[in-house]
Every structure is written in structure tokens, then in C-alpha cells.
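# Tertiary structure, described
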Amino acid sequence: MGNFFVCKMIFCRFMQEIVSNIVAWYLKNARDLPWRNTRNPYSVWLSEVLLQQTRVNQGLPYYEKFIVHFPTIHHLAQASEDEVLKTWQGLGYYSRARNLHKTARIVAESLQGNFPQTPEGLQKLPGLGPYTAAAIASIAFNYPEPVLDGNVARVVSRMLDIHEAVDLPSVKKGMIEWLRGQIAYAEPGTFNQAWMELGALVCLPARPLCDSCPIASWCMARQRGTAEELPVKKAKAKVRERWFHYLHLENENAIWLVQRQAGDIWEGLWEFPMYEAASEKEVPSDWLPKLVADPQQVKISLQRRFTHLLTHQRIHASFWKLSTRPENLRLQQPIFEFPLVQEELPALHRLMDKYLKAN
DNA sequence: AAATCGGGGCC
DNA sequence: GGCCCAGATTT
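Anyway, here's the lowdown on the structure attached to this text. Quick caveat, the model's predicted, so the values are computed rather than measured.

### A word on the overall build of chain A
- Scanning chain A for helices and strands turns up 15 helices and seven strands.
- Taking the principal axes of its C-alpha atoms as reference, chain A extends roughly 80 × 50 × 30 Å.
- Considering only intrachain contacts with a sequence separation of at least 6, the fraction spanning at least 24 residues in chain A is 68%.
- Counting only carbon and sulfur atoms, one obtains 51% of the accessible surface of chain A, whose full area is about 18200 Å².
- Here chain A holds 41 positive side-chain charges and 36 negative ones, and the gap between their average locations is 5 Å.

Next comes the structure, spelled out in C-alpha cells:
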């Protein structure tokens, strides 16, 4: 931390020039993205939530889909949560979709359709943390609050050659404070987007394009040759192994699905009735009696196996085709029937989608 | 402070 | 296979 504040002092007298260079670079090189053609708070909010922990290229088609499906916050507020989840399907981090819907209802019904205009006010809404509140306030309402996302943290840590973990709250605070000291030198929304864009296009995680960087001459990491080592991050959690056994039951016009409950992955999404085994060794003969009243009346065959990789979990999924009467099943949740038409299926998660498409 | 939540692109 | 991404929320 000591190192950090020394750097901060050294750079004080160059701040205006640094900001001016970044903004000039941004105005010339920024990508043409749909949410940059407006300052409409609804569009800004939607884009920011969609892009949390998500690359622009991945979020872009979802932004278009949401704008077509829900042109205003009132359309979104009046939709059901299932409709919102369905539009979100495949993007991941599904609590974002539920919070998006909650916030739409709060703004539409309690705030007369108007978003709060300050970071503090915005951060009270579900799904809006420090980053998103600052982003909306600065871009939509011209409020001078710097954003700190993965891009900005990388750029700043290299600028100042910070070797402490950037996910440490104290280090985050220091970087925001440093940025706050220079945000007055530009339009807040442009200032914030310029830093992020620099991280996304030039100050890349690996092999940064320092020769194209508008502030390379002030970059301490470049001067010291440490850019590729930065930013430093704390160690990550290990991957959990899980074994899912899915029961595939369908007839001519219905497919049996249950909705996943809270407190686990894929909350609120739909899938086949499922039994989670405690280990790889746990075999069907052990768990089948737990799922059906009379195993004698069941025909069962292994259809397909997938290994589905997530960030912190590895799902070993087995899909068993089941033939029996529905009354014979012992399920904790009620069974729902849906017409077997792809468009009519509710928001399934990625693994289910993979299985259905493979058949 | 640590754990959890996804999916995809890149090396 | 590991890392990272326009992070937030819960414990």
C-alpha cells in the first residue's frame, strides 16, 4: 500500500494530460456499440447488467433481444419472471435476470419509471453494486463517479505498477480514490468508458499492445517490464465435482420437467427430474428405488453422458431414458408437463439444452 | 474475507 | 487446462 501512494503523488501533475490522451484515444477508437448511441437510463442499465462478468461480444445479441422483447422498462416490469429468464437463457449468472426483473418492477411501480440519479440511490436497487451504480450514474446522468471493473483494475495496476492483489478491498478503494482525483478532467461517462475500452482493446490481460497505448509513456509497469505479471490476484477456489442423474420421460405431446430451487446452480431454470449422487461410484441400482415406488415396473436405459464444465463445478451428467407410469415416481417436487415444442419450452439450462439438441 | 453464481473465448 | 470477462450477493 505504501508503494501505491508514492505512485499516486508522482502522477498527480500528469493527470490532466493522461486523461486528455485517453479520452482522445477513446473518441477515435471506441467500438460502435448500440448502447453507446443513447443516454437513456433504461438502455444504459440493461447493457451494464448484461455485461457484468460478460464479454461484449457475448452480451451483444442478448441486448438486441431484450430491446426488441422489452422496449421500455414498463414492458419489462409487466413481463413474468419466466419470460425474462427465458430471454436470458444461455447467458449465465441467472440471478442477474431475476434482479433485473425485480428492479424493473421497483422503478416502474414505485419510482414512476425514473431511475435514481446518484450512485447511492442506484446501489439500493437489486443487482446494482458499486460498479454498475457508478456506470449508470456517470453515463446516463453525468455524475462524476469512477468505475472500477476488471479492465480498469488491470490498466491502473499497470499504470502504477501495483503488485498487491487487486481484489483486495483496500487496493480497490485506493484505485477508485486515484481515479476520483482525475474524473473532473473529462465528461464522467466518457472518462469511465475510455478507461474500460483501453483495457478491452489495448491493455490486454496477455500481450498488451503497449506500442498502441496512448498513455504508455506514463506507465510504470511498462517502464519496469512488469506489465505481463499484472494484475496480481488472490488464489481461486477449487472445482467441485458433482454427479447428476437425469430421468428423461416423455410421450407424444408432453415432456416432464421440474424447476430448480434456490440455493444452488441454475436457480429457477427447468430440467428433467434428477437425482444427485454423492460420488461417481453410486450406481443406478442404488438410487432407482429412491425415485420410483416399484422398480419392477420401470424400463430404464442410459441414453447419454456429458461432462459439463462450469467455473467452480464439474458436472458429470447421465441421462437415463425412463419408461413407466408417472404415478410410479417418487419426486419431492411436483411434475409439470409442457408441450414438446422447442419454442414453448421454458428457460432450460445449458446442459439440458445440449442433451435435447443431441437427440 | 471467502464462497458462490455460468458460459464462452483465448492461449 | 487455466485465465478472464463492463460484478453482486450471501455467509
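### Here we look at the protein's contact with DNA strand B
- The full set close to DNA strand B counts 20 residues, and Tyr93, Tyr94, Trp266, Gln313 and Arg350 are the nearest of them.
- By atom count, sugar and phosphate contribute 54% of the portion of DNA strand B lying within 4 Å of the protein.
- At 3.5 Å, a backbone N or O of Ile265 approaches a phosphate oxygen of DNA strand B.
- For DNA strand B, a base nitrogen lies 3.0 Å from a polar atom in the side chain of Thr311.
- Of the residues contributing to the surface near DNA strand B, the split by class is seven nonpolar, nine polar and four charged.

What counts and what doesn't
Residues numbered from 1 in each chain as written. Chains lettered and ligands numbered in written order. Predicted model: local features only at pLDDT ≥ 70, side-chain atom pairs only at ≥ 80, totals over all residues. Heavy atoms only, no water. Helix = DSSP H or I, 4+ residues; strand = E, 2+ residues; numbered from the N terminus. Contact = heavy atoms within 4.5 Å. Areas by Shrake-Rupley, 256 points an atom, 1.4 Å probe, with all protein chains shown as cover. Lys, Arg positive; Asp, Glu negative; His and termini not counted. Charge placed at Lys NZ, Arg CZ, Asp CG, Glu CD. Near = heavy atom within 4 Å. Polar contact = N/O pair within 3.5 Å; in protein donor to acceptor, adjacent residues only side chain to side chain. Nonpolar A, V, L, I, M, F, W, Y, C, P; charged D, E, K, R; others polar.

As far as function goes, none of this settles anything; it's purely spatial.
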